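Understanding the architecture of this molecule
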Amino acid sequence: MALSTLIRTGLRRGRPSSALRSFSALAETTTSEVSTSPSATTASNDNATAGAVTEILTNQDWINLKQQAAASNRGILLQFTAAWCPPCRVISPVVASLAEKTASTLNVVKADIDNIEIGDVVSEHAVSAVPMFVGYGKDGTKRVSFTGADKAALERAVDELSK
């Protein structure tokens with residue numbers, strides 16, 4: 001039933017219909033969840049937070065991060081992930097730990113493939129499975145790319161990118 005129909009029905013009866021009340025409650029809940037979502041505030045952090053995994057939320061975030069990494073002579077490890085992906089959830093603590101250990105030499109970044117605001121980044125890297133990792137050396141060249149929650153491969157990639 002369309003919202004306009006719900007409103008008209010409720011107004012004709014002189015009180016909101018139960019469907020309209022349900023819709024209003026759902027809208028209020030969704031709005032409050034969105035405004036307090038941790039990822040909604042992630043964009044405000046500078047992509048240079050040492051020791052932390054930074055989330056890119058827009059294509060421009062990715063462009064800025066690459067420029068900052070080049071200017072500070074740091075490599076980049078980019079993790080493509082998704083909230084619905086169990087292997088992504090399993091490997092995320094490992095990624096966070098490696099980010100802390102390599103904070104002085106490597107920017108560790110995650111990108112949620114379901115975020116339409118980073119569609120260009122996902123396309124640029126031809127993401128076909130998650131988790132997917134792409135590593136850029138300090139000179140900005142792509143050095144590593146692999147898929148899967150493979151801890152050993154991830155550690156080898158971080159070692160190579162940290163040099």
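All figures in this text were calculated on a predicted structure; none of them were measured in a lab. (Residues numbered from 1 in each chain as written. Predicted model: local features only at pLDDT ≥ 70, side-chain atom pairs only at ≥ 80, totals over all residues. Heavy atoms only, no water.)

Let's talk about the nonpolar core
For clarity, the cut-off: Take the buried Ala, Val, Leu, Ile, Met, Phe, Trp, Tyr and Cys residues and link them wherever side-chain atoms come within 4.5 Å; each set so joined is a nonpolar core. Only protein chains enter the accessibility calculation, which uses a 1.4 Å probe. A residue is then buried if its area is under 20% of the maximum for its type, exposed if over 50%, and partly exposed in between. Whether two residues touch is decided by their heavy atoms; if any such pair falls within 4.5 Å, the residues are in contact.
Core analysis: the largest hydrophobic core is formed by 20 residues, its most contacted members being Ile56, Trp62, Ile76, Leu78, Phe80, Val121 and Val130. Discounting residues that sit within four places of it in the chain, Ile56 has contacts with Asp61, Trp62, Leu78, Val109, Lys110, Ala111, Asn115, Ile118 and Val121. Ile91, Leu154, Ala157 and Val158 belong to the second largest nonpolar core, which has 16 residues in total.

A look at the sheet that holds strand β1 (residues 54–55)
This is how it is decided: At least two bridges found by DSSP between two strands are what make those strands a pair. Secondary structure elements are taken from DSSP: a helix is a run of H or I of four residues or more, a strand is a run of E of two residues or more, and numbering for both begins at the N terminus. Helix axes use the C-alpha atoms of the stretch in contact, all axes being lines fitted to C-alpha atoms, and the angles between their N-to-C directions lie in the range 0 to 180 degrees.
An order of β1-β3-β2-β4-β5 is seen for the five strands of this open sheet, with the pairing classed as mixed. The open sheet is flanked by β1 and β5 (142–147), the only strands paired with a single partner. Looking at chain direction, strand β2 (residues 75–81) and strand β3 (residues 106–112) are connected through seven bridges and run parallel. Looking across to β3, one finds that Gln79 is bridged to Lys110. Across the sheet, helix α4 (residues 59–71) touches β2, β3 and β4 (132–136), and the angle it forms with β2 is around 155°. Strands in contact with helix α5 (residues 86–101) are β2, β3 and β4; relative to β2, the strand with the most contacts, it is inclined by about 165°.

Quick notes on the side chain of Asp112
Within the secondary structure, Asp112 is located in strand β3. Apart from the residues within four sequence positions on either side, Asp112 is in contact with Glu55, Thr81, Ala82, Ala83 and Ile118.

Description of unusual backbone geometry
The step from Val130 to Pro131 runs through a cis peptide bond, and the omega angle for that step is 0°. Here Pro131 lies in the loop between α6 (119–124) and β4. Unusually for a residue other than glycine, Asn73 sits at a positive phi of about 55°. As for its placement among the helices and strands, Asn73 is situated in the loop between α4 and β2. A relative accessible area of 49% places Asn73 in the partly exposed class. Of note in this structure, Ala126 is not a glycine but carries a positive phi near 50°. By the secondary structure assignment, Ala126 is in the loop between α6 and β4. Residue Ala126 is classed as exposed on the basis of its relative accessible area of 55%.

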